[in-house]
Amino acid sequence: MPKKLLLLPPLSASSAFRVPRARPAPPPAMNAARTGYRVFSANSTAACTELAKRITERLGAELGKSVVYQETNGETRVEIKESVRGQDVFIIQTIPRDVNTAVMELLIMAYALKTACARNIIGVIPYFPYSKQSKMRKRGSIVCKLLASMLAKAGLTHIITMDLHQKEIQGFFSFPVDNLRASPFLLQYIQEEIPNYRNAVIVAKSPDAAKRAQSYAERLRLGLAVIHGEAQCTELDMDDGRHSPPMVKNATLHPGLELPLMMAKEKPPITVVGDVGGRIAIIVDDIIDDVESFVAAAEILKERGAYKIYVMATHGILSAEAPRLIEESSIDEVVVTNTVPHEVQKLQCPKIKTVDISLILSEAIRRIHNGESMAYLFRNITVDD
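Here is a short report on the structure shown in this document. Residue indices begin from 1 for each chain and proceed along its sequence in written order. At least 70 in pLDDT is required for a residue's local features to be given in this predicted model, at least 80 for side-chain atom pairs to be given and counted, and no such filter applies to totals for whole chains, interfaces and linings, which use all residues. The basis for every side-chain value is the complete set of non-hydrogen atoms in the structure, without hydrogens or water.

We now examine the packing of aromatic side chains. Pairing of aromatic side chains here covers Phe, Tyr and the six-membered ring of Trp, requires ring centres within 6.5 Å, and sorts the geometry by plane angle: under 30 degrees stacked, over 60 edge-to-face, intermediate tilted. Throughout the structure, instances matching the rule amount to three aromatic pairs. When the ring of Tyr 37 is compared with that of Phe 90, the centres are 6.3 Å apart and the planes differ by 85 degrees; the resulting orientation is edge-to-face. Taken together, the residues Tyr 37 in strand S1 (residues 37–41) and Phe 90 in strand S4 (residues 88–92) connect sequence positions 53 residues apart. Accessibility here uses a 1.4 Å probe with only protein chains present; expressed as a share of the type maximum, an area under 20% marks a residue as buried, one over 50% as exposed, and anything in between as partly exposed. Classification of Tyr 37 by relative accessible area gives partly exposed; the value is 22%. Between the aromatic rings of Phe 173 and Phe 175, the centroid separation amounts to 5.4 Å while the plane-to-plane angle is 55 degrees, which identifies the pairing as tilted. Residue classification places Phe 173 among the buried residues on the basis of a relative accessible area of 10%. Clustering of aromatic rings is evident, with ring pairs tying together Phe 128, Phe 173 and Phe 175. We call a charge positioned above a ring when the Lys NZ or Arg CZ atom is no farther than 6 Å from the ring centre and deviates by at most 35 degrees from the ring normal. Taking NZ or CZ as reference, Lys 205 lies 4.9 Å from the ring centre of Phe 294, over its face. One Lys or Arg, Arg 379, reaches over the ring of Tyr 376 and ends 4.1 Å from the middle of that ring. Think of it this way: any DSSP run of H or I at least four residues long counts as a helix, any run of E at least two long counts as a strand, and we number them from the N terminus.

Next comes the structure, spelled out in structure tokens:
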């Protein structure tokens, strides 16, 4: 019996050369790295690039190639020496003594990266400049708000900073701000480097610093003392916005208008609330710049019986004659982090010690680039910390 042939329909010209369609690739995982990233330093001086080098070493990356310098006429020039198109770019800017130059370096580099088509531009500014000018001062202005607007206009899309002078500063920005804390590193230093720290008492040099001191005392299970009545730091009560506009003598009032008169403030004699006799006194604050108030507090604590005095702060600006005043004072040791370069001050005063915080900054960079949660870096952090 002859075999039947199976006839197939003729192939059209289009179907004869049809290529099988490839399956679409699965979407990337939520936490997968999206693109590459680069880390740049906004200042080319050795003192300011030290922190940037520590961070890149922990990340296993290389510092981005750029040149930042001052023209002979004082203008700042920034040149990016590699492609950043479509990448996450992190600008590390530590603030040296010349604050205004550092701000311009950051703004110009951010704008250069924006015009070079970087995907995201994240500023890593451990000490945020002008943070003390975050309140209205008579006929002045809130300079911190102005700086936040300038950074956004220059192209920044995110900021990583540490221990803002006022937490409310985060509300000045139109983009996310991660305000990290240095207190875990300073607490670790107290436990590991201060002998017999269990016999210590945490001291606030003014009532304004009491919340920070209370946080340290509760975490270390130590006592708390507050100095009240001393001449407060640079932020005097008479300079804040509650006296704006200033009172005018012989002012003409509307007939029949009698406003109650606010009583003038008068500081009481210096008082130490808490027992420091025979104890180690640890003064904590966020910034140590002009050290006169710290030196005066140390003298009071010595008179009250403290036998050793430490000063701990996140940002060691230590301007003017700070190293000499510390060396000649009753302060035994000043402990600050490396958010601000202070190598020159350490050479002038051996009492100054440094705690490295590059670990938390590098981890923040890694998590932001990979799209991971930042909650781990804020574990056990409360609103008052």
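With respect to burial, strand S13 (residues 333–337) is a largely interior element, five of its five residues being buried. Covered by surrounding structure in S13 are Glu 333, Val 335 and Thr 337 together with Val 334 and Val 336, the residues of both alternating faces. Where strand S12 (residues 308–316) lies against S13, four bridges are found, and the strand directions are parallel. The residue bridging Met 312 from the neighbouring strand is Val 335, located in S13. Handedness of the S12-helix H8 (residues 322–328)-S13 crossover: right-handed. DSSP-based pairing: two strands are paired if at least 2 bridges between them are found. Seen with its strands pointing away from the viewer, a crossover is right-handed if its path from the first strand over the helix to the second goes clockwise.

Read from one edge to the other, the open sheet built from seven strands follows the order S10-S9-S8-S11-S12-S13-S14, with strand pairing classed as mixed. Only two strands of the sheet have a single partner each, and these edge strands are strand S10 (271–273) and strand S14 (352–355). On average, each strand axis in the sheet is inclined to that of its neighbour by 25 degrees, with strand direction left out of account. As defined by bridge partners, strand S8 (residues 200–204) adjoins strand S11 (residues 280–288) across four bridges and the pair is classed as parallel. Residue pairing across strands places Ala 200 opposite Ile 280, the latter belonging to S11. For helices, the fitted line uses only the C-alpha atoms of the stretch in contact; every axis is such a line through C-alpha atoms, and the angle between N-to-C directions lies from 0 to 180 degrees.

The next thing to look at is the pattern of salt bridges. Any Lys or Arg side-chain nitrogen located within 4 Å of an Asp or Glu carboxyl oxygen qualifies as a salt bridge. Going through the model one piece at a time under the given rule, you end up with 14 salt bridges. Between Arg 304 and Glu 303 there is a salt bridge, and its shortest N-O distance comes to 3.8 Å. For Arg 304, a relative accessible area of 36% translates into the label partly exposed. Among the salt bridges present, the one from Glu 321 reaches Arg 324, with a minimum N-O distance of 3.1 Å. What emerges from the salt-bridge pattern is a single network uniting Glu 50, Arg 54, Arg 58 and Asp 356.

Let's shift gears to the environment of Cys 117. With respect to the helices, strands and loops of the structure, Cys 117 is situated in the loop between helix H3 (99–115) and strand S5 (120–125). With relative accessibility at 34%, the residue Cys 117 sits in the partly exposed group. The spatial distance from the C-alpha of Cys 117 to the C-alpha of Gly 86 is 6.3 Å, given a sequence separation of 31 residues.

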